[in-house]
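In case you want the letters, here they are:
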Amino acid sequence: MRLNKYLANCGVGSRRKCDELIKSGAVLVDGCVASLGQEVLGTECITINGKVVEHAEKMWYFMLNKPKGCVTTVHDDRGRTTVLDIFAKAYKNRFGADKQVPRVVPVGRLDYNTQGLLLLTNDGNFANALMHPSKKVAKKYVALIYPHLDDADINALKSGIVIDGAKTLPADIRVLQNVGTKQRVEITITQGRNRQVRKMFEAVNKKVNQLERVAIGNLQLGNLARGDIKELDYAECKLALFGIF
Ligand code: URA
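Predicted model, so just to flag it, every value in this text is computed and none were measured.

A. View of the overall build of the protein. In terms of regular secondary structure, the protein is built from 7 helices and 15 strands. Judged by the C-alpha coordinates and their principal axes, the protein covers about 65 × 45 × 30 Å. Taking all 245 residues of the protein together, 46% fall into the buried category. Contacts in the protein between residues at least 24 apart in sequence constitute 64% of all its contacts with a sequence separation of at least 6. Total accessible area on the protein stands at roughly 12900 Å², and carbon and sulfur atoms take up 48% of it. In the protein, the 37 positive side-chain charges and the 25 negative ones have mean positions that sit 3 Å from each other.

B. Representation of helix H5 (residues 151–159) in the model. Taken residue by residue, H5 has Asp 153, Ile 154 and Leu 157 as its buried positions. Seen along its axis, H5 keeps its buried residues to an arc of 95 degrees; they face one direction. H5 presents Asp 151 and Ala 152 as exposed residues on the side facing more than 90 degrees away from its buried surface. Against strand E11 (172–179) and helix H6 (196–203) lie the buried residues of H5. With a side-chain oxygen lying 3.1 Å from the backbone nitrogen of Ala 152, the N-terminal cap of H5 falls on Asp 150. Where H5 terminates, the next one or two residues include Gly 160, which has phi positive at roughly 120 degrees.

C. How the structure looks around the sheet that holds strand E4 (residues 51–52). Reading across the sheet, the 4 strands line up as E2-E1-E3-E4 and stay open at both edges, with antiparallel pairing between neighbours. Of all the strands in the sheet, just strand E2 (32–33) and E4 have a single pairing partner and so form its edges. Sheet analysis places strand E1 (residues 27–29) next to E2, joined by 2 bridges and oriented antiparallel. The partner of Leu 28 across the bridge, within E2, is Val 33.

D. Summary view of the packing of aromatic side chains. Summed over all chains, the structure comprises 8 aromatic pairs. Between Phe 62 and Tyr 91 the ring centres are 6.0 Å apart and the planes differ by 80 degrees, which places this aromatic pair in the edge-to-face class. Placement of the pair is Phe 62 in strand E5 (residues 61–66) and Tyr 91 in helix H3 (residues 83–95), with a sequence separation of 29 residues. Looking at Phe 62, the relative accessible area reads 0%, which means it is buried. The exposure class assigned to Tyr 91 is buried, which follows from its relative accessible area of 7%.

Thresholds, definitions, all that
- Residues numbered from 1 in each chain as written.
- Predicted model: local features only at pLDDT ≥ 70, side-chain atom pairs only at ≥ 80, totals over all residues.
- Heavy atoms only, no water.
- Helix = DSSP H or I, 4+ residues; strand = E, 2+ residues; numbered from the N terminus.
- Buried < 20%, exposed > 50% of the residue type's maximum accessible area, 1.4 Å probe, protein only.
- Contact = heavy atoms within 4.5 Å.
- Areas by Shrake-Rupley, 256 points an atom, 1.4 Å probe, with all protein chains shown as cover.
- Lys, Arg positive; Asp, Glu negative; His and termini not counted.
- Charge placed at Lys NZ, Arg CZ, Asp CG, Glu CD.
- Arc of directions from axis to C-beta.
- Polar contact = N/O pair within 3.5 Å; in protein donor to acceptor, adjacent residues only side chain to side chain.
- Pairing = 2+ DSSP bridges.
- Phe/Tyr/Trp six-rings, centres within 6.5 Å; stacked < 30°, edge-to-face > 60°.

None of this, on its own, says anything about what the molecule does.
Pasting the structure below:
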């Protein structure tokens, strides 16, 4: 996002006022004097006259253990349960039925039948940075598939496989357990293409019976109950996802 827009979103002032501040040399991005038209991800340390720019409104960061059978959208035309319905219920359970539910939105998406770790926030800059392809944030999934993978399948998935006409980036694959004709497999990818994990397994003729996201960067789902939420703080998120404070 353009730096002037980012600063305006943080409540510094109009984009024009932000441009004037940038022109005056008062704005530093990670210690370097900013330039007009500069792009930022929102993970940088930005200062104006030496003072760190903070968001004007409280920023919320939550992880949700998304259950199967809900959509990762804010509204659903077909009336299906959304992750925001699940979030609101969990928030009131945890913090009290009289509490105002924070206006957060999901970061990225999980399919209707995928469960596990989903982040929700009202920090658009943070969400954009997390989803930006250049960040290559690792997303780890556990899938129950059948039939079993052989060595050629594993090599193909690891080195990159063509889905929707383009090769995937290298992935990590670990077979965790054979469960009869099925197999529990851990797969870590650094992209966020549409239904990527399911399509990768389809490309080696495997069916996905269950799919759960268990980690994003170093943020682990851990033992958070299905349908429950956990509040995170900004420093914790930034460190876990980008390796920086
Ligand atoms: N890959 C998929 O196929 N589905 C998801 O929900 C997430 C990643």
